[in-house]
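# Examination of the molecular architecture
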Amino acid sequence: MNNKQKSLIQVTLILCAILASISISGGVIAFFAHNWDSYPKILRLLLSFIPIASGVFIFYKAFFEHFDSKVWMESAGTFLVLMTGSSTSLIAQIYHIGDFDQIVLFWMILSLPVLYLANSSSVAIFYLAGITWWLVLQNLTVFGFLGGDMQAKPTQTIGYWLLIAAVIPHYMKYIKPGTETVRSII
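Below, the structure is looked at part by part. As the structure is a computational prediction, the values presented were derived from the model and not from experiment.

Reading the values: rules and limits
- Residues numbered from 1 in each chain as written.
- Predicted model: local features only at pLDDT ≥ 70, side-chain atom pairs only at ≥ 80, totals over all residues.
- Heavy atoms only, no water.
- Helix = DSSP H or I, 4+ residues; strand = E, 2+ residues; numbered from the N terminus.
- Buried < 20%, exposed > 50% of the residue type's maximum accessible area, 1.4 Å probe, protein only.
- Contact = heavy atoms within 4.5 Å.
- Areas by Shrake-Rupley, 256 points an atom, 1.4 Å probe, with all protein chains shown as cover.
- Patch = residues over 30% accessible without salt bridge, like charges linked within 9 Å, V, L, I, M, F, W, Y side chains within 5 Å.
- Salt bridge = Lys/Arg side-chain N within 4 Å of Asp/Glu carboxyl O.
- Phe/Tyr/Trp six-rings, centres within 6.5 Å; stacked < 30°, edge-to-face > 60°.
- Core = buried A, V, L, I, M, F, W, Y, C linked by side-chain atoms within 4.5 Å.
- Axes fitted to C-alpha atoms, helices over the stretch in contact; angles between N-to-C directions.
- Parallel < 35°, antiparallel > 145°, perpendicular 65-115°, else oblique.
- Nonpolar A, V, L, I, M, F, W, Y, C, P; charged D, E, K, R; others polar.

## Structural notes on the overall build of the protein
Counting its secondary structure elements, the protein contains eight helices and zero strands. Starting at the N terminus, the α and β elements of the protein follow one another as α-α-α-α-α-α-α-α. Going through the 186 residues of the protein one by one, you find that 35% of them count as buried. The contacts of the protein with a sequence gap of at least 6 include a subset with a gap of at least 24, amounting to 67%. A total accessible area of about 11,300 Å² is found for the protein, and carbon and sulfur atoms account for 71% of it.

## Looking at unusual backbone geometry
The phi dihedral of histidine 96 falls on the positive side, at around 55°, and the residue is not glycine. With respect to the helices and strands, histidine 96 occurs in the loop between α3 (70–95) and α4 (100–118). Its relative accessible area of 72% is what places histidine 96 among the exposed residues. A positive phi is found at asparagine 119, a non-glycine position, where the angle reads about 55°.

## Notes on a nonpolar patch on the surface
Together, Ile42, Leu43 and Leu46 give the surface a local cluster of nonpolar side chains, amounting to about 290 Å² of exposed area. Position of leucine 46 among the secondary structure elements: in helix α2 (residues 41–65).

## Focus: the packing of aromatic side chains
Scanning all chains against the criterion turns up six aromatic pairs. Geometrically, the ring pair formed by phenylalanine 59 and phenylalanine 63 is stacked, given 5.9 Å between the ring centres and 25° between the ring planes. Here the residue phenylalanine 59 and the residue phenylalanine 63 both occupy positions in helix α2, the gap between them amounting to four residues, near one helical turn. Assessed through its relative accessible area of 8%, phenylalanine 59 is described here as buried. On the accessibility criterion, phenylalanine 63 (23% relative accessible area) is partly exposed. Their ring planes at 55° and their centres at 4.9 Å tell us that tyrosine 60 and phenylalanine 64 sit as a pair that is tilted.

## A look at the pattern of salt bridges
For the coordinates displayed, the defined rule picks out one salt bridge. Glutamate 65 serves as the salt-bridge partner of lysine 61, at 3.0 Å between the closest nitrogen and oxygen. Of the two residues, lysine 61 and glutamate 65 are both situated in helix α2; the distance of four residues between them amounts to about one turn of the helix.

## Details of the nonpolar core
Residues Phe59, Tyr127 and Ile131 are the most contacted members of the largest nonpolar core, which totals 24 residues. Elements represented by at least two residues in this core include exactly α2, α3, α4, α5 (121–138) and α6 (154–165). Sort the elements by how many residues they give to this core and α5 lands first, with seven residues. Setting aside residues up to four positions removed in sequence, tyrosine 127 forms contacts with Met108, Leu112, Leu163, Ala166 and Val167. With six residues, the next largest nonpolar core counts Phe32, Trp36, Leu45 and Ile94 among its residues.

## Quick look at the packing of α3 against α5
At a minimum axis distance of 8 Å, the contact between α3 and α5 shows a crossing angle of 30°. Regarding the angle of α3 to α5, the classification is roughly parallel. Residues Glu74, Gly77, Thr78, Val81 and Leu82 of α3 lie in contact with α5, whose contacting residues are Ser121, Ser122, Val123 and Phe126. Partitioning the contact of α3 with α5 into residue classes produces four nonpolar, four polar and one charged.

## Some details on the side chain of threonine 88
For threonine 88, the location among the structural elements is in helix α3. For threonine 88, a relative accessible area of 14% translates into the label buried. Apart from the residues lying within four places of it in its own chain, the contact partners of threonine 88 are Ile103, Phe106 and Leu110.

## Overview of the environment of leucine 82
Along the polypeptide, leucine 82 turns up in helix α3. Between the C-alpha atoms of leucine 82 and serine 21, which are 61 residues apart in sequence, the distance is 8.3 Å. Look past the residues within four positions of leucine 82 in its chain and what remains in contact with it is Ser21, Ile22, Ser25, Trp107 and Phe126.

In structure tokens form, the structure reads like this:
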């Protein structure tokens, strides 16, 4: 088997693992959502920590037992980021903390360490999508959806570019002259 075939197989495995992580994450949330309102507040709080605890456990196993496997690290990193977001959202819902845009920003900031620990491009893609979504949520009125004046606030724009700058070192490691990899293309 040549290098191109190995690379294609590895990319396919990574994509399947990421899709499995997304599906499992959605299943966890669907499981909790079924009777969420009927649970007492303390039980909801305890259940809110189960997603992040399971994400940390899976990431721990991948980090210490399968660190050399790109498939394990990509899927475990993705799973941890999604579980962090679900736990953050559940806790914010219980205690009515912040707006959705603030929760997204907090979630993305918590995702940065996972990005560098897992060395995961899928986490980087989720991070970039999340901070872009945060900017859009911040500026719904700005972009004219709610009758805004089409002018972004400078602090939000600067914050957005600072958040993008936080992910640049991850990609700079993979840009090498004369070689094309999936990460360098991203």
